[in-house]
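The lines below spell out each chain.
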Amino acid sequence: MTSILEPIGRDDPEARRLYADFVREADGPLVYEREEAGIDLDQEVAKGPSPDLVPPNGVLLLARVDGEPAGLGGIRYLDTEVAEVKSMYVAPAFRGGGLGRQILARLDGIALE
């Protein structure tokens, strides 16, 4: 398994597809809260990843495994010395192989830079 992590724009079709999968999967436990708050799931998906996850506010990484889009990870900078992991997602077909750890390690490295 060869994985590549690369910065990507929030409007990239692969990033948007993985983000949609992430939102829909995460929505399961949050359905009640979302409905109570009046949040429309389709609208959330349509927004795509947060603008906070692209330069100069942060970084959005796309993980590929053997050329296939497999995961996303994002950090946002809170100030010049603090960043936070905003999101991390690994598609179900690519789970269990350490890709999540690779994404988090790369995000950590970017934040330390």
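Heads up: the structure comes first, above all this text.
Calculation notes
- Counting restarts for each chain, with residues numbered from 1 along the sequence as it is written.
- In view of the model being predicted, local features appear only for residues whose pLDDT reaches at least 70, and side-chain atom pairs are presented and counted only at 80 or more, with totals across whole chains, interfaces and linings using the full set of residues.
- By convention in this description, side-chain values take in all heavy atoms of the structure and omit both hydrogens and water.
- The way it works is that DSSP assigns letters per residue, a run of H or I at least four long becomes a helix, a run of E at least two long becomes a strand, and they are numbered from the N terminus.
- We call a residue buried when its accessible area falls under 20% of the maximum for its residue type, exposed when it is over 50%, and partly exposed in between, using a 1.4 Å probe and counting protein chains only.
- Here, two residues are considered to be in contact whenever any of their heavy atoms come within 4.5 Å of each other.
- Per-residue and other accessible areas were derived by the Shrake-Rupley procedure at a 1.4 Å probe size, with only the shown protein chains allowed to occlude residues.
- As used here, the term nonpolar core means buried Ala, Val, Leu, Ile, Met, Phe, Trp, Tyr and Cys residues forming a set that is joined through side-chain atoms within 4.5 Å.
- Two strands qualify as a pair provided that DSSP identifies no fewer than 2 bridges between them.
- Only the contacting stretch of a helix is used when fitting its axis, a line to C-alpha atoms as for every element, and angles between N-to-C directions run 0 to 180 degrees.
- Cavities and pockets were defined on a 1 Å grid built over protein atoms only: a cavity is a set of grid points that admits a 1.4 Å probe from which the probe cannot escape, a pocket is an open set flanked by protein on both sides within 12 Å along at least five of seven lines, and lining residues are those with an atom within 4 Å of any such point.
- Grid points are joined across faces, edges and corners, and a volume is the space filled by probe spheres set on the points.

**Student:** Help me out: how do you make sense of the overall build of the chain in this one?
**Tutor:** Scanning the chain from N- to C-terminus turns up 3 helices and 4 strands. Listing each helix as α and each strand as β along the chain from the N terminus yields β-α-α-β-β-β-α. By the burial criterion, 35% of the 113 residues in the chain qualify as buried. Here the analysis covers contacts within the chain between residues at least 6 apart in sequence; of these, 55% occur between residues at least 24 apart. Accessible surface for the chain amounts to roughly 6700 Å². Of this, 51% is attributable to carbon and sulfur atoms.

**Student:** Just checking my understanding: could you explain the nonpolar core for this structure?
**Tutor:** A general trend in soluble globular proteins is that nonpolar side chains are found buried together. One finds Ile8, Ala15, Leu18, Val23, Leu60, Leu62 and Leu72 to be the most contacted residues of the largest nonpolar core, which totals 14 residues. Looking at this core, the elements that each hand over two or more residues are α1 (13-37), α2 (41-47) and β2 (58-65). For this core, the element with the highest residue contribution is α1, accounting for 5 residues. The contact partners of leucine 62, leaving out residues within four places of it in the chain, are Ile4, Leu5, Glu6, Ile8, Glu14, Leu18, Pro69, Gly71 and Leu72. Residues Leu61, Ala63, Val90 and Ile110 belong to the second largest nonpolar core, which totals 12 residues.

**Student:** What's the story with the sheet that holds strand β1 (residues 3-7) in this structure? I'm lost.
**Tutor:** Ordered in space as β1-β2-β3-β4, the 4 strands form an open sheet in which the pairing is antiparallel. Of all strands in the sheet, those with a lone pairing partner are β1 and β4 (83-90), marking the two edges. Taking each pair of neighbouring strands and ignoring which way they run, the sheet shows an average axis angle of 20°. In this fold helix α3 (residues 99-112) packs onto β1, β2, β3 (68-77) and β4, with an angle of close to 160° to the strand it touches most, β4.

**Student:** Honestly, the layout of surface pockets in this entry has me stumped. Any pointers?
**Tutor:** In this approach, a probe sized like a water molecule rolls over the atoms, and the result shows the empty space that is left. Considered as a void within the structure, the second largest pocket measures approximately 190 Å³ in volume. Along its surface, the second largest pocket is lined by Tyr19, Phe22, Gly48, Pro49, Ser50, Leu53, Leu60, Leu72, Lys86, Ser87, Met88 and Tyr89. Every element with two or more residues in the lining of the second largest pocket is listed here: α1 and β4. With 4 residues, the single largest contributor to the lining of the second largest pocket is β4.

**Student:** It is not clear to me how the environment of glutamate 113 should be interpreted in this structure. Could you clarify?
**Tutor:** For glutamate 113, the location among the structural elements is in the segment after α3. Residues glutamate 113 and glutamate 81, spaced 32 residues apart in sequence, show a C-alpha to C-alpha distance of 9.6 Å.

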